[in-house]
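Tertiary structure, described
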Amino acid sequence: MPIHAHIVRSIQILICTTRRPLLPHTARTSAQAHYKSSSPLERRKTTLTQFWQNQKKSSVRNGALEEDEIMPKADYKFWTKKDLIERINELEALTGSGIEESTVALVTTATIRKKGREGKEFKFKEHPTRFIGLRFTYLGWNYNGLNVQAVPTPLPTVEGLILKALVTCKLIESETDLEACQFSRCGRTDKGVSALAQVISLRVRSRLTPEEQKDEANDERELSYITMLNNLLPLDIRVYQVCLHPPDNFDARFSCVARHYKYIFVSRNRDLDVDSMRTAAKMMLGAHDFRNFCKIDGSKQITNFNRGILHADITLVNHQFRGDGDDEVYMFDLKGTAFLWHQVRCIMGVLLLVGQGLEKPDIVEKLLDVKQYPCKPIYDMASDTPLVLYNCEFGDDVKWKGLSDFKSSAAGTAISSSRGVAYALWYDGLVKNELQFAMRNVIESAAEESRYDPNASRTKVQTGDGMGRWLSEYVPLQKRPVMDSFEVLNERWLQRKTKAVEAGSNGGGTDVEEEVRIAAEQT
């Protein structure tokens, strides 16, 4: 048992027992040694404290102690650790294995308060609420995407962890009933995809009354939503801004005017024709039907695939890169009003084919012509990890506040903590990158000794993950098999849903469970 636990126990016993005489340290040590050297029969006849009392009286008679030292008032805060341990041993010897049932319950004030909190139900209806927006960032490779799922996932979801933190903080009542808190998300990201400026909006508990919430001067008195959540979230999920006064009818999804994505890729030994990729990317500007650049989700029953692209370009990343002499890091920069499922990754998959010279730039223009290509050719979309939701843009009437906009000392402490977390994540990545670079050099040095190349007659297709795929023969997109049309996929999903409902009404459970699983995978 830790020493502080012993101290608490001794003080508790002192509260519930009669104050007993106490010898000063030197006299007490001598009496204790005398007691231990006495016979077992003598020990049974008297307690240690009674024995010390006799020693005290003897000391007074002999002039070793003054009369008022027999019953000194104990002031434990000035006791040494050694004295406290000896006092604990004395009390345990006095009380035996524990305190009798007749003794008053021994609980500290902190324990009483804790039990009071645990026993008292938190009633959300007794607290005011307010509608807010939260802006946060996360590294996606450790998560199963943003959206919380109805069924268990191999990895946690970012949204699931945020909702759990909100419930723990008593900011919302339930992590499953999202309608109750008017929950909305801005941009859905897939498994492995990161975000720098993701946004959610919801109604949360407030410290202020509705009237007080209207005055921005009271913002300093509001609950520190950023700090409360960051204290519970993993280090690679950070809330960094809050909108305490959103405009009327604000919604994280429908109030967003533009979503900005970026995709990082490497031209190894300049094996990509970046100019051709840029030419192909700019063919997407404007409003187009992107059914051939997405994965169709039958559960959504989407029939309109028109989306607007505001900006599309490829730029060289302007920082030092430790690779081969001719390795270059580029960024595909894409901004649009809205995006379809897997749209950015499908676009990037086609652009990489163009960069390798496997497709001409005008393949983008052809795939955008749904009269010529009403169904999507089968091809690989780009890897998830290099993709990041860079920004979610809103109107000027949406005002965001970060920790630096609050003047409290707690906000200053939180800022320092956030900087420390950001540096730690960057440092961890830097160290791992150095080790990975060294490992790469070792492997490639050993590989140079072998003259046999099994891929000499094959074609490598880059997919953005550094590995790619090796094909014995590349088949152009125009000659590949195509997927079913969205009409067929939507109808097929409806049929599965109808069968699942019928099986459920007839007492069957297997088909219903399978339908839930399929729907969760699609969403």
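Here's what I pulled together on the structure shown here. By convention here, each chain's residues receive numbers from 1 onward along its written sequence. This being a predicted model, a pLDDT of at least 70 is required before a residue's local features are given, and a value of 80 or more before pairs of side-chain atoms are given or counted; all residues contribute to the totals for chains, interfaces and linings. Working from all heavy atoms in the structure, the side-chain values ignore hydrogens and water.

Further remarks concern the pattern of salt bridges. Put simply, a salt bridge is a Lys or Arg side-chain nitrogen that is within 4 Å of an Asp or Glu carboxyl oxygen. Following the criterion strictly, the structure yields 18 salt bridges and no others. One salt bridge connects Lys335 with Glu393, and the closest N-O pair in it is separated by 3.0 Å. Remark: Glu393 occurs in strand E9 (residues 387-393) and Lys335 occurs in strand E8 (residues 328-336); sequence separation between them is 58 residues. For Asp428, the salt bridge is made with Lys432, and the minimal N-O distance between the two is 3.1 Å. Linking Asp428 with Lys432, this pair stays in helix H13 (residues 409-447), spanning four residues, or about one helical turn. Classification of residues uses two cut-offs on accessible area relative to the type maximum, computed with a 1.4 Å probe and protein chains only: under 20% is buried, over 50% is exposed, and between them is partly exposed. Residue class for Lys432 comes out partly exposed when judged on its relative accessible area of 45%. Overlapping salt bridges, with partners in common, bring together Asp275, Arg278, Lys282 and Asp313 in one network. The secondary structure listing takes helices from DSSP runs of H or I that are at least 4 residues long and strands from runs of E that are at least 2 residues long, numbered from the N terminus.

Working definition: a ring pair exists when centres of Phe, Tyr or Trp rings (six-membered ring for Trp) sit within 6.5 Å. Plane angles under 30 degrees give stacked, over 60 give edge-to-face, the rest tilted. Throughout the structure, instances matching the rule amount to 10 aromatic pairs. Judged by centre distance (5.0 Å) and plane angle (75°), the ring pair of Phe122 and Phe124 falls under edge-to-face. Phe124 gets classed as buried once you look at its relative accessible area, which sits at 17%. Within the aromatic cluster, the residues linked to one another by ring pairs are Phe250, Phe394 and Trp400. Sitting over a ring, as applied to charges here, requires NZ of Lys or CZ of Arg to be within 6 Å of the ring centre and within 35 degrees of the ring normal. Lying across the ring of Tyr390, Lys262 places its NZ or CZ 3.9 Å from the centre.

This paragraph deals with the layout of surface pockets. A probe as big as a water molecule, rolled over the atoms, marks out the empty space that is left. Considered as a void within the structure, the second largest pocket measures approximately 1000 Å³ in volume. The rule is simple: put a 1 Å grid over the protein atoms alone, call a set of points where a 1.4 Å probe fits but cannot get out a cavity, call an open set with protein on both sides within 12 Å along at least five of seven lines a pocket, and count a residue as lining if it has an atom within 4 Å of a point. Contributing to the lining of the second largest pocket are 40 residues, with Asn147, Arg188, Arg253, Lys300 and Phe339 lying nearest its centre. Looking at the lining of the second largest pocket, the elements that each hand over two or more residues are strand E2 (184-185), strand E5 (258-267) and helix H11 (343-355). If one sorts the elements of the lining of the second largest pocket by residue count, H11 sits on top with three residues. As a working rule, the residues Ala, Val, Leu, Ile, Met, Phe, Trp, Tyr, Cys and Pro are called nonpolar, Asp, Glu, Lys and Arg charged, and the rest polar, with Gly in that last group. Per-class residue counts for the lining of the second largest pocket are 19 nonpolar, nine polar and 12 charged. Grid points are joined across faces, edges and corners, and a volume is the space filled by probe spheres set on the points.

All chains considered together, the criterion is met by one cavity of 30 Å³ or more. Quantified by volume, the largest cavity comes out at close to 90 Å³. What lines the largest cavity is Arg291, Asn292, Cys294, Ile296, Pro374, Cys375, Lys376, Met483, Asp484, Ser485, Phe486 and Leu489.

Take the pairing of E5 next. The element E5 is extensively covered by neighbouring structure, given that eight of its 10 residues are classed as buried. If DSSP finds at least two bridges between two strands, the strands pair. Note: E5 against E9, six bridges, orientation antiparallel. Bridge pairing in E9 links Lys262 to Val388. Note: E5 against E8, nine bridges, orientation antiparallel. Pairing of Ser267 across the sheet is with Glu328, part of E8.

Before going further, it helps to examine the environment of Asn147. Inspection of the secondary structure assignment puts Asn147 in the loop between strand E1 (129-138) and helix H7 (158-168). Taking C-alpha positions, Asn147 is 6.3 Å from Thr157, a pair spaced 10 residues apart along the chain.

You can see Ser184 is positioned in strand E2. Engagement of the side chain of Ser184 in a polar contact is seen with the side chain of Asp251, the distance being 2.8 Å. Residues count as neighbours in contact if any of their non-hydrogen atoms are within 4.5 Å of one another. Setting aside chain neighbours within four positions, we find Ser184 in contact with Val199, Ile200, Ser201, Asp251, Ala252 and Arg253. Under the rule applied, a polar contact is a pair of N or O atoms within 3.5 Å (in protein, one hydrogen donor and one hydrogen acceptor; residues adjacent in sequence only if both atoms are side-chain atoms).

Each patch is built from salt-bridge-free residues with over 30% relative accessible area, joining like charges within 9 Å and nonpolar side chains (Val, Leu, Ile, Met, Phe, Trp, Tyr) within 5 Å. Per-residue and other accessible areas were derived by the Shrake-Rupley procedure at a 1.4 Å probe size, with only the shown protein chains allowed to occlude residues. On the surface, a nonpolar cluster with roughly 630 Å² of combined accessible area is contributed by Tyr423, Trp426, Tyr427, Leu430, Val431 and Leu435. By secondary structure assignment, the location of Tyr423 is in helix H13.

In contact at an axis separation of 8 Å, helix H10 (residues 274-282) and H11 are set at 140° when each is read in the N-to-C sense. The pairing of H10 with H11 is recorded here as oblique in orientation. Relative to H11, H10 is oriented so that their crossing is right-handed. Contact residues: H10 offers Ser276, Met277, Ala280 and Ala281, while H11 offers Met348, Leu351, Leu352, Val354 and Gly355. In terms of residue class, the contact of H10 with H11 is made up of seven nonpolar, two polar and no charged. Inter-axis angles, ranging from 0 to 180 degrees, are taken between N-to-C directions of lines fitted to C-alpha atoms, where helices are fitted over the stretch in contact. Working definition: roughly parallel below 35 degrees, roughly antiparallel above 145 degrees, roughly perpendicular at 65 to 115 degrees, and oblique for all remaining angles. For any pair of crossing helices, the crossing counts as left-handed if the nearer helix is rotated counterclockwise from the farther one by less than a right angle, and right-handed if it is rotated clockwise.

The next thing to look at is H11. For an α-helix, the turn length of 3.6 residues means that residues three or four places apart are oriented alike. Compared with an ideal rise of 1.5 Å per residue, which puts 13 residues at 18 Å, H11 spans 18 Å between its outermost C-alpha atoms and is within 8% of the ideal. For H11, a buried count of 13 out of 13 residues is recorded, marking the element as mostly surrounded by other parts of the structure. Looking at the residues trailing H11, positive phi occurs at Gly357, about 80°. In a helix, the anticipated span is given by 1.5 Å times the number of residues less one.

Before going further, it helps to examine the nonpolar core. Grouping buried Ala, Val, Leu, Ile, Met, Phe, Trp, Tyr and Cys residues that are joined through side-chain atoms within 4.5 Å yields what is termed a nonpolar core. Phe265, Phe293, Phe332 and Leu351 are the most contacted members of the largest nonpolar core, which totals 89 residues. What Phe332 contacts, discounting residues up to four positions off in sequence, is Tyr261, Lys262, Tyr263, Phe265, Ala281, Asp313, Ile314, Ile347, Met348 and Leu351.

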